Amino acid sequence: MNKRLILYILGWVLLIEGACMQLSTIVGLIYKESTYLFFLIIGFSLVALGTLIVLKKPNSPTMHLKDGFAATALSWIVLSLAGALPLWLSNSIPSFVDAFFETVSGFTTTGSTILTEIESLDKCMLFWRSFSHFLGGMGVVVFLLAVIPKLGGNQSINLMKAESTGPSVGKSMPRLRNYAALLYSIYIGLTAIEFVLLLCGGMNVFDAMTTSFSTAGTGGFSTYNTSMGHFDSYYLHTVVAVFMMLFGVNFYIYILILTRKFKQIFKSEELWIYLGIVAFSTIAIAINLLSYYNTFREAIHHSFFYVTSIVSSTGYAITDTNPWPAFSTIIILILTCIGACAGSTGGGFKVSRIIILFKEIKKEFLLIIHPRNIYTVKADGKKVSHEVARSVSVYLIIYVLITVFTTALISLDGFDFSTNFTSVLATLNNTGPGISMVGSTGNYSEFSVFSKLVFCFNMLAGRLELYPLLLIFIPSAWKKN
């Protein structure tokens, strides 16, 4: 393990985070809030500490895959610990564990909250919560690759692999820094478009900005207790719903649009299946909700908003979904697990993995029927390697084991099964809301300190696709290469 290089990367993480905190300082000054001082002092302290660390460059820039995984996992932990300090020291969230939970939820774009009175927080604190979604959405390491020359040497792809969502990262990226910069350019561009559209719908600048940050990161932190339900506007709800869906699309699709490679877009199985899942779920739930709303238009409106909110793992809400019928609830739980596309800002198991799993199942049945035949699994017209297929299967096993084990752990708090199980699904899939006590209008404040730490583990594991976080707990991984 190249520990010096890992420390060097952590130094850059602290430096960048401290600089980003000054945006909250500016917000605090604009709204004349004294709590801006916590962002100012802590931010400059992080910048100073980070600068001291990065002044001494590592002797070797060599980064193996395990180094990239460890650096990424530790970056997210350090990012969350440091990011919780302003919330805790300002007494906005008195408990450090609660502040840590809120910050982990922010950076991992989960959107679960322990706050019962969100609107009581100062604007600079609310801004920091939403901005943490924006920072975590595309990934802090991707950002570092975009702005820091030769980070990790020629093995920077190992950093990208550790943070990218989905079963694999393509190898056709000779200029990784340019690729990371292009991803962030698209990310910022889409966020800016949503911001303008929300302003056109009557939102004030602060609400439009924080909502755009939360949507872009598919996080769902709102500045109001009633989430997007605070805004009684079909237009605003529709804008947010459409952009939640767009941010759940693989960002490589947008690169293909910019380079006018439209044939490749039409060949993307993941894109069309993702859109098909959204369309089918929206119609199915809307029909199931006809007895709950006055018109089919109203049912479609609520259904589309919540389907895009859950499948993209954003977690915004415009109504209490706990009274919805069981059929709609089951679909929502399935969408929670499926999640968005690989290479998006969304969470979940990912549509691409679902496609590969179903094709592998079909292959096994065909081999039973015709054992002498040779079958290959293809995705988007390309052969899926044995390594990728194996990794998807292993991922599923680990995913199920973590779900079962952490559900058992938090059940010690004594809450009902639907609360326990869906809270685990919501945190592991970075969705935010679950059912019952943690439903669209609920929160996680009643859980014990132990359970909140378990949820923090789930949120980090889910955002980092399990392997990087689990790797740092394996002693042999820390031995010298």
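Position labels on residues start from 1 in each chain and follow its written sequence. In keeping with the predicted nature of the model, local features appear solely for residues at pLDDT of at least 70, side-chain atom pairs appear and are counted solely at 80 or more, and the whole-chain, interface and lining totals rest on all residues. With hydrogens and water excluded, all non-hydrogen atoms of the structure serve as input to the side-chain values.

**Some points on the overall build of the protein chain**
- Summing up its helical and strand segments, the protein chain has 20 helices and two strands in all.
- When we talk radius of gyration, it's over C-alpha atoms, and the globule rule is simply 2.2 Å times the number of residues to the 0.38. For the protein chain, whose C-alpha radius of gyration is 22 Å, the value lies close to the compact-globule estimate of 23 Å for 481 residues.
- The principal-axis extents of the C-alpha atoms in the protein chain amount to approximately 65 × 60 × 50 Å.
- Working definition: with a 1.4 Å probe on protein chains only, accessible area under 20% of the residue-type maximum means buried, over 50% means exposed, and in between means partly exposed. Out of the 481 residues belonging to the protein chain, those deemed buried represent 57%.
- Residue pairs in contact within the protein chain that sit at least 24 positions apart in sequence constitute 72% of those at least 6 positions apart.
- Only the protein chains shown count as covering a residue, and every accessible area follows the Shrake-Rupley method with a 1.4 Å probe. Counting only carbon and sulfur atoms, one obtains 67% of the accessible surface of the protein chain, whose full area is about 20,400 Å².
- Under this rule, positive means Lys or Arg and negative means Asp or Glu; His and the chain ends count for nothing. Positions of charges follow a simple convention, taking NZ of Lys, CZ of Arg, CG of Asp or CD of Glu. Side chains of the protein chain give 32 positive and 24 negative charges; the mean places of these two sets differ by 19 Å. Note on conventions: DSSP H or I runs of at least 4 residues are helices, E runs of at least 2 residues are strands, and numbering of each starts at the N terminus. In what follows, residue pairs with any heavy atoms lying within 4.5 Å of each other are defined as contacts.

**Side note on empty space enclosed by the protein**
- The distinction between a cavity and a pocket rests on a 1 Å grid over the protein atoms alone: a 1.4 Å probe fits inside a cavity but cannot get out, while a pocket stays open yet meets protein on both sides within 12 Å along at least five of seven lines, and a residue with an atom within 4 Å of a point counts as lining. Grid points are joined across faces, edges and corners, and a volume is the space filled by probe spheres set on the points. Scanning the model with the defined rule gives five cavities of 30 Å³ or more in all.
- Volume-wise, the largest cavity comes out at about 130 Å³.
- If you go around the largest cavity, you meet 15 residues; those closest to its centre are Thr321, Thr329, Ile332, Gly434 and Ile435.
- If you list the elements that add at least two residues to the lining of the largest cavity, you get helix H15 (326–338) and helix H18 (417–428).
- Tallying contributions element by element places H15 first for the lining of the largest cavity, with five residues.
- Of the residues that constitute the lining of the largest cavity, the class distribution is eight nonpolar, seven polar and no charged.
- Empty space within the second largest cavity amounts to approximately 50 Å³. Following the grouping adopted for this structure description, the nonpolar residues are Ala, Val, Leu, Ile, Met, Phe, Trp, Tyr, Cys and Pro, the charged ones are Asp, Glu, Lys and Arg, and the polar ones are all others, Gly among them.

**Details of the environment of Tyr36**
- Of note, Tyr36 is situated in helix H2 (residues 36–55).
- Sequence separation between Tyr36 and Ser328 is 292 residues; the distance between their C-alpha atoms is 43 Å.
- Not counting chain neighbours up to four residues away, the residues in contact with Tyr36 comprise Thr25, Gly28, Leu29 and Cys124.

**With respect to the state of the cysteines**
- Defined by distance alone, a disulfide is two cysteine sulfur atoms within 2.5 Å. Within this structure, the stated rule accounts for zero disulfides.
- No disulfide involves Cys124; its sulfur sits 15 Å from that of Cys20, the nearest cysteine.
- Taking relative accessible area as the criterion, Cys124 reaches 0% and is therefore assigned buried.
- Cys341 takes part in no disulfide bond, and the closest cysteine sulfur, belonging to Cys337, lies 16 Å away.

**As for helix H11 (residues 251–258)**
- Along H11, the residues that are buried comprise Phe251, Ile253, Tyr254, Ile255 and Leu256.
- Under the rule applied, a polar contact is a pair of N or O atoms within 3.5 Å (in protein, one hydrogen donor and one hydrogen acceptor; residues adjacent in sequence only if both atoms are side-chain atoms). Looking at where H11 begins, the residue whose side-chain oxygen comes 2.9 Å from the main-chain nitrogen of Tyr252 is Asn250.
- Arg260 sits one or two positions beyond H11 and adopts a positive phi of about 60°.

**Overview of a nonpolar patch on the surface**
- Each patch is built from residues that are more than 30% exposed by relative accessible area and take part in no salt bridge. Like charges join if they lie within 9 Å; nonpolar side chains (Val, Leu, Ile, Met, Phe, Trp, Tyr) join within 5 Å. Salt bridge, as used here, is a side-chain nitrogen of Lys or Arg placed within 4 Å of a carboxyl oxygen of Asp or Glu. Together, Phe358, Ile361, Phe365, Ile368 and Ile369 make up a nonpolar patch on the protein surface, roughly 600 Å² of accessible area in all.
- By the secondary structure assignment, Phe365 is in helix H16 (residues 351–369).

**Remarks on the nonpolar core**
- Ranked by internal contacts, the top residues of the largest apolar core, which has 143 residues, are Phe251 and Tyr274.
- Here this core gets 13 residues from one element, more than from any other, and that element is helix H1 (residues 3–30).
- Not counting chain neighbours up to four residues away, the residues in contact with Tyr274 comprise Met244, Met245, Gly248, Val249, Val311, Ser312, Ala340, Cys341 and Val351. As used in this record, nonpolar core signifies buried Ala, Val, Leu, Ile, Met, Phe, Trp, Tyr and Cys residues forming a set joined through side-chain atoms within 4.5 Å.

**Let's talk about the packing of aromatic side chains**
- For this analysis, a ring pair means two rings from Phe, Tyr or Trp (six-membered ring only for Trp) whose centres lie within 6.5 Å, classed as stacked if their planes differ by under 30 degrees, edge-to-face if by over 60, and tilted for the remaining angles. In this structure the tally under the stated criterion is 31 aromatic pairs.
- An angle of 15° between the planes, with centres 6.3 Å apart, marks the rings of Phe96 and Phe100 as stacked. Of this pair, Phe96 and Phe100 both sit in helix H4 (residues 96–107), four residues apart, which is roughly one turn of that helix.
- For Phe96, a relative accessible area of 28% translates into the label partly exposed.

**Quick notes on the pattern of salt bridges**
- Taken as a whole, this structure holds five salt bridges when the rule is applied.
- With a shortest N-O distance of 2.7 Å, Asp98 and Lys452 are connected by a salt bridge. Note that Asp98 is positioned in helix H4 and Lys452 in helix H19 (residues 449–463), a separation of 354 residues in sequence.
- Linked by salt bridges that have partners in common, Lys350, Arg353 and Glu465 make up one network.

**Topic: the confidence of the model for the protein chain**
- As a per-residue quantity, pLDDT reports the predictor's confidence and falls between 0 and 100. Considering every residue of the protein chain, the mean pLDDT works out to 90; 93% of them sit at 70 or more.
- When the criterion is pLDDT under 50, residues 169–174 qualifies, and its contacts beyond four places in sequence or with other chains add up to seven contacts.

**Quick look at the packing of H4 against helix H5 (residues 123–138)**
- Throughout, an axis means a line fitted to C-alpha atoms (over the contacting stretch in the case of helices), and angles, computed between N-to-C directions, take values from 0 to 180 degrees. Contact geometry of H4 with H5 gives a least axis separation of 7 Å together with a crossing angle of 45°. In terms of orientation, H4 lies oblique with respect to H5. Contacts between H4 and H5 pair Glu102, Ser105, Gly106 and Phe107 from the former with Trp128, Arg129, Ser132, His133, Leu135 and Gly136 from the latter.
- Residue composition of the contact of H4 with H5, grouped by class: three nonpolar, five polar and two charged. Our angle categories are set so that under 35 degrees counts as roughly parallel, over 145 as roughly antiparallel, 65 to 115 as roughly perpendicular, and the remainder as oblique.

**Quick look at H2**
- Here the expected span of a helix is defined as 1.5 Å times the quantity of residues minus one. Look at H2: 28 Å from first C-alpha to last across 20 residues, which is about the 28 Å you get at 1.5 Å a residue.
- For H2, the set of buried residues is Phe39, Ile42, Gly43, Leu46, Gly50, Ile53 and Val54. Across the axial projection of H2, the buried residues extend over an arc of 105°, all falling on one side. Facing away from the buried side of H2 by more than 90 degrees, the exposed set consists of Ile41, Phe44, Leu52 and Leu55.
- The inward-facing, buried residues of H2 contact H1, helix H3 (65–89) and H5. This arc is taken over the directions from the axis of the helix to the C-beta atoms.

**A short note on unusual backbone geometry**
- The backbone phi angle of Lys32 is positive, close to 55°, even though this residue is not glycine.
- With respect to the secondary-structure elements, Lys32 resides in the loop between H1 and H2.
- The backbone of Ser313 shows a phi angle near 65°, a positive value even though the residue is not glycine.
- Position of Ser313 among the secondary structure elements: in the loop between helix H14 (296–311) and H15.

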